[in-house]
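Spelled out from the first residue to the last, the chains are:
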Amino acid sequence: MGCEVSDRLRDEIFKQLLTIHNQFNQEGGYPYNPEELYSALQAVIAGDFAAARSGVRSMSIMFEVDYEKTVRELVELGGYDWVDPNFVYSPLTKNHTGVKNIEMALHCFGCKMSPKDVDDSFEKMGLDRVRHHEILTLGIKRPELQMQFPIVAHSTFLEGPNGIRFGIKLDSEEDNPRMLGGVFLSRKLPADYWFAGIRK
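Residues numbered from 1 in each chain as written. Predicted model: local features only at pLDDT ≥ 70, side-chain atom pairs only at ≥ 80, totals over all residues. Heavy atoms only, no water.

## Section: the pattern of salt bridges
The criterion, for reference: Salt bridges are identified by distance alone: a Lys or Arg side-chain nitrogen within 4 Å of an Asp or Glu carboxyl oxygen. Helix numbers and strand numbers start at the N terminus; a helix is a DSSP run of H or I with at least 4 residues, a strand a run of E with at least 2. A simple rule labels every residue: compare its accessible area, found with a 1.4 Å probe on the protein chains alone, to the largest value its type can have, and call it buried under 20%, exposed over 50%, or partly exposed in between.
This structure, assessed with the given rule, holds eleven salt bridges. Ionic pairing is found between Lys188 and Asp117, a salt bridge with its closest N-O pair at 4.0 Å. With Lys188 in the loop between strand 7 (176–184) and strand 8 (194–199) and Asp117 in helix 5 (residues 115–125), the pair connects residues that are 71 residues apart, well separated along the chain. A relative accessible area of 26% means that Asp117 is categorised as partly exposed. A salt bridge links Asp119 to Arg129, with the shortest nitrogen-to-oxygen separation between them at 3.7 Å. Here Asp119 is found in helix 5, whereas its partner Arg129 is found in the loop between strand 4 (127–128) and helix 6 (132–141), with ten residues between them in sequence. The class of Arg129 is partly exposed, set by a relative accessible area of 39%.

As structure tokens, then:
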């Protein structure tokens, strides 16, 4: 059963929608992340107001991945800053071939999360683990994202010479916009990290 909306409240809602429309047309472009706006509006339209109010932020991105390229080729193609011969790119057992379109979901939970916490949350969301080809291609296709926030593929491993595994992280600094690094998987990860998953 629907709710009756007063004329006053309806006018106020339309004013807010008009404000968003005007932001699109202002000089310099929309001042915030439009994909976050899209995700928030999707939650509101679906009546999921708790998600819209919470610290969880998310976005979905569609792009094409060439699984025929090697990981080394993707690292070089992306102009990433780190190609360390002492590290092994440990692939997941589920492999792909050819060129495929995927949908990657990025989530920032707004609190410290362990890899298991993220796995449990992604399982509820119907998200699969990200592979090397996918996270590296994201950085190639959408390089501006890792300049906005750190992006972590917590289930995609770099394995060091001592056998310690690191999750892959795309990040940036003022003088280095193409950082490819690792994060320790034995501890909770910072609240500002965005975690990558694949729509099943």
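## Here's the deal with a nonpolar patch on the surface
Test applied: Residues enter patches when their relative accessible area tops 30% and they take part in no salt bridge; the joining distance is 9 Å for like charges and 5 Å for the nonpolar side chains Val, Leu, Ile, Met, Phe, Trp and Tyr. Only the protein chains shown count as cover for residues, and all accessible areas are computed by the Shrake-Rupley method using a 1.4 Å probe.
A grouping of Val5, Leu9, Ile13, Phe14 and Leu17 is seen on the molecular surface, where their side chains present a nonpolar patch of about 430 Å² in accessible area. Mapping Leu17 onto the fold places it in helix 1 (residues 7–25).

So far we have only geometry, and geometry alone does not tell us how the molecule works.
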